[in-house]
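Chain by chain, the residues:
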Amino acid sequence: MVTATWNDTIIAESDKTIVVEGNHYFPPESVRMELLVDSATQSTCPWKGLASYKTIVVGDARNADAVWYYPAPKSAADNIKGYFAFWKGVKVA
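In what follows, the accompanying structure is described. Values in this document were obtained by computation on a predicted structure and should not be read as measured data. (Residues numbered from 1 in each chain as written. Predicted model: local features only at pLDDT ≥ 70, side-chain atom pairs only at ≥ 80, totals over all residues. Heavy atoms only, no water.)

## Examining the pattern of salt bridges
Okay, so step 1: Under the defined criterion, the tally for this structure stands at 3 salt bridges.
Okay, so step 2: K48 is the salt-bridge partner of E21, the closest N and O atoms lying 2.7 Å from each other. In this pair, E21 is assigned in the loop between strand 3 (18-20) and strand 4 (23-25) and K48 in the loop between strand 5 (36-45) and strand 6 (49-58), connecting sequence segments 27 residues apart.
Okay, so step 3: For K54, the salt bridge goes to D38, with nearest N and O atoms at 2.3 Å. Remark: D38 occurs in strand 5 and K54 occurs in strand 6; sequence separation between them is 16 residues. (Salt bridge = Lys/Arg side-chain N within 4 Å of Asp/Glu carboxyl O. Helix = DSSP H or I, 4+ residues; strand = E, 2+ residues; numbered from the N terminus.)

## Thoughts on the side chain of T9
Okay, so step 1: With respect to the helices and strands, T9 occurs in strand 2 (residues 9-14).
Okay, so step 2: The exposure class of T9 is buried, given its relative accessible area of 15%.
Okay, so step 3: Beyond its immediate sequence surroundings of up to four residues, T9 is in contact with A4, R32, L35 and V58. (Buried < 20%, exposed > 50% of the residue type's maximum accessible area, 1.4 Å probe, protein only. Contact = heavy atoms within 4.5 Å.)

## Some remarks on the nonpolar core
Okay, so step 1: I11, F26, I56, F86 and V90 are the most contacted members of the largest nonpolar core, which totals 17 residues.
Okay, so step 2: When residues no more than four places from it in sequence are discounted, the contact partners of F26 are V2, T3, A4, A12, E13, S14, T17, V31, Y83, F84, F86 and V92. (Core = buried A, V, L, I, M, F, W, Y, C linked by side-chain atoms within 4.5 Å.)

## A few points about the environment of Y53
Okay, so step 1: Mapping Y53 onto the fold places it in strand 6.
Okay, so step 2: Accessibility expressed as a relative area gives 11% for Y53, which makes it buried.
Okay, so step 3: Once the C-alpha coordinates of Y53 and M33 are considered, the two residues, 20 residues apart in sequence, prove to be 13 Å apart.
Okay, so step 4: Y53 has contacts with D38, S39, T41, Q42, S43, D65, V67, W68, Y69 and W87, leaving out every residue within four places of it along the chain.

Such coordinate-based values are descriptive only and should not be taken to indicate function.
In structure tokens, the structure reads:
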């Protein structure tokens, strides 16, 4: 089981993550979506495509753009479509 934790709170937990470039991508059903809010931030990966971001909100604490995902990836990354990955201090283990 792989767990993503921030601010002593489990954000996601799954035994079905997909590892790409050293990052665990969690299936959407394993993520506590009630802790995430949309962000306007986007970035582009040459082979995965356009990434969108979300901010984690736990109580009064916010971790801006700490979650990214590919809602419509290029075909080479279709296996992670809609899956979520974490950074910016989120512990994934």
